[in-house]
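The primary structure of each chain is shown beneath.
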Amino acid sequence: MTNTTKSEVIPLTRTYLIALIVLKSFCLICGVLGNFGVMMYNLYTKNDKTPTGYLVANLACADLLTCLTVYPTWIAEFGMILAGEQSDQTFFCKFSYTIARQFICVSTLTLLAITVDRYIYISSPLRYPLIMTWRKTYVILLSIWICASLYSPIVAIYIEPGNVRTMCLEPIAVALIASIIYIVVPMGVIFYCNCKIFRLARGQIRRMHASRVDSNHDTPSASSFTSEMKAIKTFVIVIGVFLLCCVPYAILLLVKSCDCVPDVAIVLLGDLVLANSIMNPIIYGMRQQEYKNFYRQFFFVIRSRLIWVFRGGIA
């Protein structure tokens with residue numbers, strides 16, 4: 001395929017391009033296995049199915065689809081650059097960036113839904129089952145995907161190839177409005193709700209500590225609350241990593257008009273945005289023992305299957 005708008009080759013050395021292809025291939029494999037594992041655990045393996053688990057599975061679904069669509073596109077593009085071949089940059093921009101932006105929006109809105117869900121659980125634990133019903137959970141999940149899909153046609157219309165291959169640009173006004181709607185506002189609500197959650201949690205911890213001192217033993221509710229707080233802190237880490245991966249790229253896009261940012265910086269920070277799609281399974285495995293146990297069993301099964309296939313192929 002040829003591109004009517006010829007772009008300069010990305011200003012990276014051949015060795016660095018090969019390293020990026022290897023890294024992206026590694027991220028593709030890890031992202032697919034990790035996020036698929038998160039979905040399997042929350043939807044099938046976990047004994048107590050909860051709305052929160054379905055929201056976490058939805059977040060993993062967005063990351064899984066990112067790995068299955070965007071990573072292969074970028075690997076193929078870098079391979080064509082190494083081979084000295086031209087590619088259709090218009091198609092590359094409209095496909096890869098549109099898909100990536102949509103899944104980023106899904107992730108942001110899902111993180112917002114998880115935060116609000118946890119706020120309701122902490123502030124009204126007795127009413128939580130009545131508020132977060134399964135029907136409302138399904139409506140929330142459907143609404144997230146519909147809202148994220150509204151941004152995709154706008155990206156597909158306005159985004160165009162830049163001067164450097166793999167770098168795609170859109171009007172500053174479009175990027176600014178989308179950032180406010182899908183990043184700034186949701187993250188503002190997330191920050192506010194998390195502040196309220198930790199404020200409420202401190203009060204409940206003090207009361208539980210006082211009752212534990214009076215009764216001289218831990219209560220089941222205290223143990224359950226401690227576990228829940230650890231899960232909430234895990235989601236805070238997930239949000240922090242998401243911001244760390246996405247905010248630098250968003251800022252660079254907004255200041256790109258001043259021509260003070262190297263093109264290669266935008267390309268590399270775009271890779272950082274994609275890296276967010278593999279981070280959540282790592283965070284869950286490091287923070288929560290149930291995920292660690294499931295990953296151990298999950299990868300043992302995969303390893304056993306691969307050994308069986310390999311031995312069967314030899315035979």
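Calculation rules
- Within any chain, residue numbers begin from 1 and follow the written order of that chain's sequence.
- Local features in a predicted model are, by the rule used here, given only for residues with pLDDT of at least 70; side-chain atom pairs are given and counted only at 80 or more, and totals for whole chains, interfaces and linings are based on all residues.
- With hydrogens and water stripped out, all remaining heavy atoms of the structure feed into the side-chain values.
- Only buried Ala, Val, Leu, Ile, Met, Phe, Trp, Tyr and Cys residues count toward a nonpolar core, and they belong to the same one when joined by side-chain atoms within 4.5 Å.
- Throughout this description, buried means an accessible area under 20% of the type-specific maximum (1.4 Å probe, protein chains only), exposed means over 50%, and partly exposed covers the range between.
- The helix and strand labels rest on DSSP assignments: H or I over at least four residues marks a helix, E over at least two residues marks a strand, and numbering proceeds from the N terminus.
- Any two residues whose heavy atoms approach within 4.5 Å at even a single point are treated as in contact.
- The criterion for an aromatic pair is that two Phe, Tyr or Trp rings (for Trp, the six-membered ring) have centres within 6.5 Å, with stacked assigned to planes under 30 degrees apart, edge-to-face to planes over 60 apart and tilted to the rest.
- Along the chain, pLDDT gives the predictor's confidence residue by residue, from 0 to 100.
- Whenever a carboxyl oxygen of Asp or Glu lies within 4 Å of a side-chain nitrogen of Lys or Arg, that contact is scored as a salt bridge.
- Within this analysis, patches are made of residues with over 30% relative accessible area and no salt bridge. Like charges are joined at 9 Å or less; nonpolar side chains (Val, Leu, Ile, Met, Phe, Trp, Tyr) at 5 Å or less.
- Note on areas: these come from Shrake-Rupley sampling with a 1.4 Å probe, and a residue is covered only by the protein chains present in the view.

## Thoughts on the nonpolar core
Ranked by internal contacts, the top residues of the largest apolar core, which has 69 residues, are Trp 74, Leu 111 and Tyr 284. Element by element, the count of residues in this core is highest for helix H2 (residues 51-83), at 14 residues. Non-local contacts of Trp 74, meaning those with residues more than four positions away in its chain, are made with Lys 24, Phe 92, Ser 96, Tyr 97, Thr 166, Val 267, Asp 271 and Leu 274. One finds Ile 122, Ile 197, Ala 201 and Ile 232 within the second-largest nonpolar core, a separate group that totals five residues.

## Things to note about the packing of aromatic side chains
For any pair of aromatic rings, the description consists of the separation of the ring centres together with the inter-plane angle of the planes. Scanning the model with the defined rule gives 20 aromatic pairs in all. Judged by centre distance (6.1 Å) and plane angle (75 degrees), the ring pair of Phe 103 and Trp 145 falls under edge-to-face. Of the two residues, Phe 103 is situated in helix H3 (residues 89-123) and Trp 145 in helix H5 (residues 134-149); the sequence distance between them amounts to 42 residues. Assessed through its relative accessible area of 8%, Phe 103 is described here as buried. By the ring-pair criterion, three or more aromatic residues cluster together here, those being Phe 36, Tyr 41, Tyr 284, Tyr 291, Phe 294, Tyr 295, Phe 298 and Phe 299.

## Structural notes on the confidence of the model for the protein chain
For any part of a model where pLDDT is low, the fine detail of the predicted coordinates should not be relied upon. Chain-level pLDDT for the protein chain is 81 on average; 85% of the residues reach the 70-or-more range. Across the protein chain, the element-wise mean pLDDT spans from 75 in helix H8 (residues 220-255) up to 94 in H5.

## Description of the pattern of salt bridges
Side chains that carry opposite charge are capable of pairing whenever their charged atoms lie near each other. Under the criterion given, the structure shown has three salt bridges. We note a salt bridge from Asp 271 to Lys 24, for which the minimum N-O separation is 2.7 Å. Of this pair, Asp 271 sits in helix H9 (residues 263-275) while Lys 24 sits in helix H1 (residues 14-45), placing them 247 residues apart in sequence. Each member of the pair, Asp 271 as well as Lys 24, is classed as buried. Of the charged contacts, one joins Glu 160 and Lys 94 as a salt bridge, the two residues approaching to 4.0 Å between their closest N and O atoms. Of the two residues, Glu 160 sits in strand S1 (residues 160-161) while Lys 94 sits in helix H3, which places them 66 residues apart along the sequence. Taking relative accessible area as the criterion, Lys 94 reaches 26% and is therefore assigned partly exposed.

## Overview of a nonpolar patch on the surface
Taken together, the side chains of Val 116, Ile 172, Leu 176, Ile 177, Ile 180, Ile 181, Val 184, Val 185 and Val 189 make up a nonpolar region of the molecular surface, amounting to roughly 710 Å² of accessible area. Ranked by residue count, the leading element in the nonpolar patch is helix H7 (residues 172-215), at eight residues. Examined against the element boundaries, Ile 177 turns out to sit in helix H7. Residue Ile 177 is classed as exposed on the basis of its relative accessible area of 52%.

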